[in-house]
Amino acid sequence: MATDRFQPSGIGHFNVFDLEKSLSPNAKPVSYTRRDFYKITLIRGKHTFHYADRSIETNGSTLMFFNPQVPYSFVQGSGECSGSFLIFKEEFLLNSIHESPSNLPVFSIDGHPNFELTREQDNYISQVFEQIITEIDSTYHYKYEVIKSKVSDIIHYALKLQPTRIRATKLDASTRITIIFKEALERQFPVESTNYCITEKTPSDFAERLSIHVNSLNRAVKKTTGKTTTQLITERIVSEAHILLRLTDWSISEIAYSLGFDEPAHFTTFFKKQTATTPTSIRQAV
């Protein structure tokens, strides 16, 4: 498969790759910015994915979904590694699913992105990927409309594997406020450069951004999640801190500044209070 088949802008970038060929020693690097692209991977074998602050072990055939807002990395195992993956920008599917992919449970920031597949399930998903590959190499004028349908098929197939998590409900005001708050919180992440610094760290910061009173925000979040706004903000910063300490070679000072702390000592105090350990201990354990 070619690795340069992005369609013109306006349609919403999309591409599909053979996993084994992409990981071969002589393969041309797959060039795309993870921050911008959703990713769906069918992978076989025993491997490890670091997804946010979790490590996910795959064994056998696994279907995985990646949200560009969630940091992840891949550690290839020593055995089999075959399958396919596709990447697309948010606008690619908007007309097909009529909402942001990040609102779907399979791409949810706090969801479970991996699905172990039976042989029958693997055969079905493999066939859909093959159909996408055939279509993208065709000259059919409306091929991307066909591909959108195939990608939607994969997503809905996975959603059916976890039916208890996809039932739609009418959202009350508190739930809507909480969703908007969580989206605003997540929009600051992932931190991918030492030149970047998160700017919203308090309930007041987010209330101002969302143009609501801070008391209204706090009540809505507490009612919906059982946690305070401050707790959720703190948990997300701690989660990002763990990721940066484990997966980057940035200094602790650089991590502190990127997470909005004026002094590294303030970051260390904050981190130790929340985790009962120090950033240095986490870094040394890697």
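In this text, all values refer to a predicted model and were calculated from it rather than measured experimentally. (Residues numbered from 1 in each chain as written. Predicted model: local features only at pLDDT ≥ 70, side-chain atom pairs only at ≥ 80, totals over all residues. Heavy atoms only, no water.)

Caption draft 1: Examining the overall build of the protein chain more closely. Across its full length, the protein chain carries 11 helices and 8 strands. A burial count over the protein chain gives 44% of its 286 residues as buried. Of the contacts formed within the protein chain by residues at least 6 apart in sequence, a portion of 68% connects residues at least 24 apart. Element-wise, carbon and sulfur atoms account for 49% of the exposed surface of the protein chain, whose accessible area totals about 14900 Å². (Helix = DSSP H or I, 4+ residues; strand = E, 2+ residues; numbered from the N terminus. Buried < 20%, exposed > 50% of the residue type's maximum accessible area, 1.4 Å probe, protein only. Contact = heavy atoms within 4.5 Å. Areas by Shrake-Rupley, 256 points an atom, 1.4 Å probe, with all protein chains shown as cover.)

Caption draft 2: Representation of the sheet that holds strand S7 (residues 82–88) within the structure. Spatial strand order, S1-S7-S2-S5-S8: 5 strands in an open sheet with antiparallel pairing. Looking at strand neighbours, the two that pair on one side only are strand S1 (14–18) and strand S8 (114–117), the edges of this open sheet. Put simply, the sheet's adjacent strands are angled 10° from each other on average, direction ignored. As paired strands, strand S2 (residues 38–44) and S7 are joined by 7 bridges and run antiparallel to one another. For Ile43, the partnering residue across the bridge sits in S7 and is Gly83. (Pairing = 2+ DSSP bridges. Axes fitted to C-alpha atoms, helices over the stretch in contact; angles between N-to-C directions.)

Caption draft 3: Representation of the environment of Val151 within the structure. Within the secondary structure layout, Val151 lies in helix H4 (residues 143–160). Taking relative accessible area as the criterion, Val151 reaches 0% and is therefore assigned buried. In this structure the C-alpha to C-alpha distance between Val151 and Phe129, which are 22 residues apart in sequence, comes to 8.5 Å. Among all residues touching Val151, those that are not within four sequence positions of it are Phe14, Ile40, Leu86, Phe88, Phe92, Leu93 and Ile132.

Caption draft 4: Local environment of the side chain of Thr41. Mapped onto the fold, Thr41 is located in strand S2. Here Thr41 is in contact with Leu19, Thr62, Leu63, Met64, Phe66, Ser84 and Phe85, once residues within four sequence places are set aside.

Caption draft 5: Layout of the pairing of S7. With 7 of its 7 residues buried, S7 lies for the most part within the structure. A two-sided burial pattern is seen for S7, the buried positions comprising Ser82, Ser84, Leu86 and Phe88 on one face and Gly83, Phe85 and Ile87 on the other. Judged from the 5 bridges that link them, S1 and S7 form a sheet pairing that is antiparallel. If you follow Phe17 over to S7, its bridge partner there is Phe85.

Caption draft 6: Quick look at the nonpolar core. By size, the foremost hydrophobic cluster in this structure holds 30 residues, and its most contacted members are Phe14, Ile40 and Val151. For this core, the elements supplying multiple residues, two or more each, are S1, S2, strand S5 (61–66), S7, helix H2 (90–97), S8, helix H3 (119–136) and H4. In terms of residues, this core owes the most to one element, H4, which gives 7 residues. Within the second largest apolar cluster, 27 residues are counted, among which are Leu210, Leu244, Trp250 and Ala256. (Core = buried A, V, L, I, M, F, W, Y, C linked by side-chain atoms within 4.5 Å.)

Caption draft 7: Expanded view of H4. End to end, H4 covers 26 Å across 18 residues, agreeing with the expected 26 Å (1.5 Å per residue, within 8%). All of the buried residues in H4 are Lys143, Tyr144, Ile147, Lys148, Val151, Ser152, Ile154, Ile155, Ala158 and Leu159. (Expected span 1.5 Å × (residues − 1).)

Caption draft 8: Representation of the sheet that holds strand S4 (residues 54–58) within the structure. In spatial order, the strands read S4-S3-S6; together these 3 strands make up an open sheet with antiparallel pairing. Each end of this open sheet is capped by a strand with a single partner; those strands are S4 and strand S6 (72–75). Averaged over neighbouring strand pairs, the angle between their axes works out to 20° when direction is ignored. Two strands pair when backbone bridges link them, and strand S3 (residues 47–51) and S6 are joined in this way by 4 bridges, in the antiparallel orientation. Opposite His50, over in S6, you have Ser73 as the bridge partner.

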